[in-house]
Amino acid sequence: MNLKKIQAMPFAPFRRESMERWRVTVKEPVVDGERMLVVDFLENTACVSYKRETPSFRIVCGKKSREVKGITHEGKIQQKVLDSFRRFAGEYAMISPREEEALRRFLKAEKTENHQMDNLCKWIKQTRQEMKKRSMEKRGELMDEDYRLCPEALPEGLIDYIRREVLPEDRVIIYKRGNVNGICTVCGTQVHARGRRFTQSAYATCPNCGARVICVLEDGCAFAANYIENIVAVQKGTDGETVFFRQWLLHRDNSARWEHIEDFLQETVRYAIRGNKTAKWQKQGKESYYMRTERYELDEWTRWQDNRIYDGSYFFYPTGIEEALSGTAMQYADLEGYLEERGHNKNPIYFLEYHARYPVIEFLWKAGYRNIVHNRIFGMDRENRNAILWERKKLKECFKFPLRILKLMPPEEWSLNDIQRVNDLWEKYGGKVTDTEIRLVLQSKVDIQLWSRATTYANAGRILKYIKNQTDKRKEKNPDKRSISQNDTAQAYRDYLQECEQLHLDLHDKEILFPKDLTAAHNRTMEQVKFEKNKADQEKFQKAVEKLEKFAWSEGEFFIRPAREQMELTAEGKALHHCVGGYIKRMAEGETAIFFLRKVSEPDKPFYTLELQKKRVIQCRTEHNASYDRNPDVKNFVDMWMEKVVKKGGNKKAKEAAA
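Residues numbered from 1 in each chain as written. Predicted model: local features only at pLDDT ≥ 70, side-chain atom pairs only at ≥ 80, totals over all residues. Heavy atoms only, no water.

1. Topic: the sheet that holds strand 6 (residues 172-175)
Sheets are built from strands paired through backbone hydrogen bonds, the pairs being either parallel or antiparallel. Strand order in this open sheet of five strands is 8-7-6-10-9, and the pairing throughout is mixed. In this open sheet, the two edge strands, each paired with only one partner strand, are strand 8 (190-192) and strand 9 (203-205). Across the sheet, the mean angle separating the axes of adjacent strands is 40° when strand polarity is ignored. Bridging between strand 6 and strand 7 (residues 181-184) involves three bridges; their strand directions are antiparallel. Across the sheet, Ile174 pairs through a bridge with Ile183, a residue of strand 7. (Pairing = 2+ DSSP bridges. Helix = DSSP H or I, 4+ residues; strand = E, 2+ residues; numbered from the N terminus. Axes fitted to C-alpha atoms, helices over the stretch in contact; angles between N-to-C directions.)

Structure (structure tokens):
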């Protein structure tokens, strides 16, 4: 259906002070030899008291092509317009008799309740169903009625399997209200509580056979009160191409005699795989609530839009699998090896389905990358779901980096998170990264997004070593917090770097990029950022500076004065490559005092920065934190300043000295 001409047709809502909320116009243009029906729903903006999710919109119907499209008032083709139209179908709309007759002719409808709007809604619904069916056939999807291809008879040997494998695992006492009488499913006899009463979900010993059992209230909210377990079997469809995974609920026989097991089996779900397409039908629905699940029966097999596999527990009936999978993309799946894997959750249906949908799964499994396969089935999240190009058909095409990198770790140690780390690193450096750096990234398990900001200033190896060292220091200082991880440190480092950039600190300086004490440095920058956002702190800073002016002094070729503005501190730290910019908060609180020591000949050029606390020089440093002890002239000047000014409580001519 060519909509370019129709999208260009005039489209304008109207405004009229009346109760008329909608106006419907109908046009019948001919496009590419096909007569279309164009129905515009124009909104009266004068009487809309709230913002509609769908304002004025257009519906385009093609009778010959049996298609329908929705167009927004902005000219965009969106199917949600058709979804919203159902809400307007029962709403009164103004339409002329001529245009209403045009609708009637197109729809071939006689009776109407609302100017043909109800009939139009019905036509749209039917047409969309036909469009969906044609689209599914074109893509080779399983059709809604394909559930009939599933055999109706129970798989051969299933009843014996249930009696042999399933029922012996059912070790419960179903007790009646009163908590003293019940039936033991192990020995199948009536039992009476001795001593302590039976309690829901509590373990007990059967008074008759001595078996260790769990107590379940008859007809209570627990699953085990009414059911034993889910059972899944694999069968090939009657067409010879479709593979069905049939799921039954085994209802409980309260007598525990199990004379006719088939009477207690209820088929609830059918999963189907044909080629790489999947579908799911259900004969039972369920709604989960707190501490309980309500099940309701469906009249017939219903196609379920949600194709997700049931990931709870179930018994998997193995007989007949090879025959059912032969000739399909799943025939070479190592199902036996998968079921024998330890340390992982299991879902055989998912395992086989992914073999059908993603051929690379077979190669990953056989090459030993089994953790990755397990991650794909149960361990994917938003961050690593696209770590591998699952749609590719060759192993070398599914990775975003050269296969040689996989040799840096044994196959069984790789996970999807590891793959994503290498992807991020490879993309960040444009492929220009050494194997040593990649190995460090894999060993550290640190999320690259937490430290990628630092890659502008240093290589990955240096950054990761710094994060590891800082993590070890944090653990030494906090022995009770051994759970501190490198990711915790990396997160603090990321925040520190962000604050440094906000404060315009020079991160090319290694002393700032890699502070000796990350926690202390981060606390300083964090306080400074907060300080700059707080006017009250700024006022306190100015008052602190005023008190320090009395310590300004000049002698010979040097003079000293307090830092007078916040930006001066930031600029001083940037020029001399140290972290004095982070002392603003402490200076405002009166915890410390920062002074600038300058040459008289270069009064605006940073020379030395001095920290004074309680009339004691804490530090006096120049570029790259070099101490004033290395410069005798500066040392003598500072000593004289301490004797003549600081210890005497200040200089009355401070302002003149600092001018």
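Still more ground to cover, so stick around.
2. Quick look at the packing of helix 12 (residues 416-428) against helix 13 (residues 435-444)
The geometry of helix 12 relative to helix 13 is characterised by a closest axis approach of 10 Å and an angle of 140° between their N-to-C directions. Considered as vectors, helix 12 and helix 13 are oriented oblique to each other. Relative to helix 13, helix 12 is oriented so that their crossing is right-handed. Here helix 12 contributes Asp418, Arg421, Val422, Leu425 and Trp426 to the contact with helix 13, which in turn contributes Glu437, Ile438, Val441 and Leu442. (Parallel < 35°, antiparallel > 145°, perpendicular 65-115°, else oblique. Left-handed = near helix turned anticlockwise from the far one by under 90°. Contact = heavy atoms within 4.5 Å.)

3. Quick notes on the pairing of strand 3 (residues 34-43)
Most of strand 3 is tucked away: nine of the 10 residues are buried. When strand 1 (residues 22-27) meets strand 3, the two strands line up antiparallel, connected through six bridges. Residue pairing for strand 3: Val24 is matched across the bridge by Phe41. Strand direction decides the pairing type here: strand 2 (residues 30-31) and strand 3, joined by two bridges, are antiparallel. Note that in strand 3 the partner of Val30 across the bridge is Arg35. (Buried < 20%, exposed > 50% of the residue type's maximum accessible area, 1.4 Å probe, protein only.)

4. Side note on helix 21 (residues 632-646)
Its 15 residues give helix 21 an end-to-end C-alpha distance of 20 Å, which sits within 8% of 21 Å, the value for a rise of 1.5 Å per residue. When we look at burial in helix 21, the residues that qualify are Val634, Phe637, Val638, Trp641, Met642, Val645 and Val646. Take helix 21 and look down its axis: the buried residues cluster within an arc of 140°, on one side only. In this fold, the buried residues of helix 21 make contact with strand 17 (553-555), strand 18 (558-562), strand 19 (593-599), strand 20 (608-613) and strand 21 (616-621). (Expected span 1.5 Å × (residues − 1). Arc of directions from axis to C-beta.)

5. Description of the pairing of strand 12 (residues 243-251)
Of all nine residues making up strand 12, eight are buried, and the element is well covered by its neighbours. Bridge analysis of strand 11 (residues 227-236) against strand 12 gives eight bridges, and the strand direction is antiparallel. By the bridge assignment, Lys236 is partnered in strand 12 with Val243. Hairpin connection from strand 11 to strand 12: six residues lie between these consecutive antiparallel strands, with Gly240 at a positive phi of about 80°. Here strand 12 runs beside strand 13 (residues 265-274); their pairing, made up of eight bridges, is antiparallel. Bridged to Gln247 within strand 13 is Val269.

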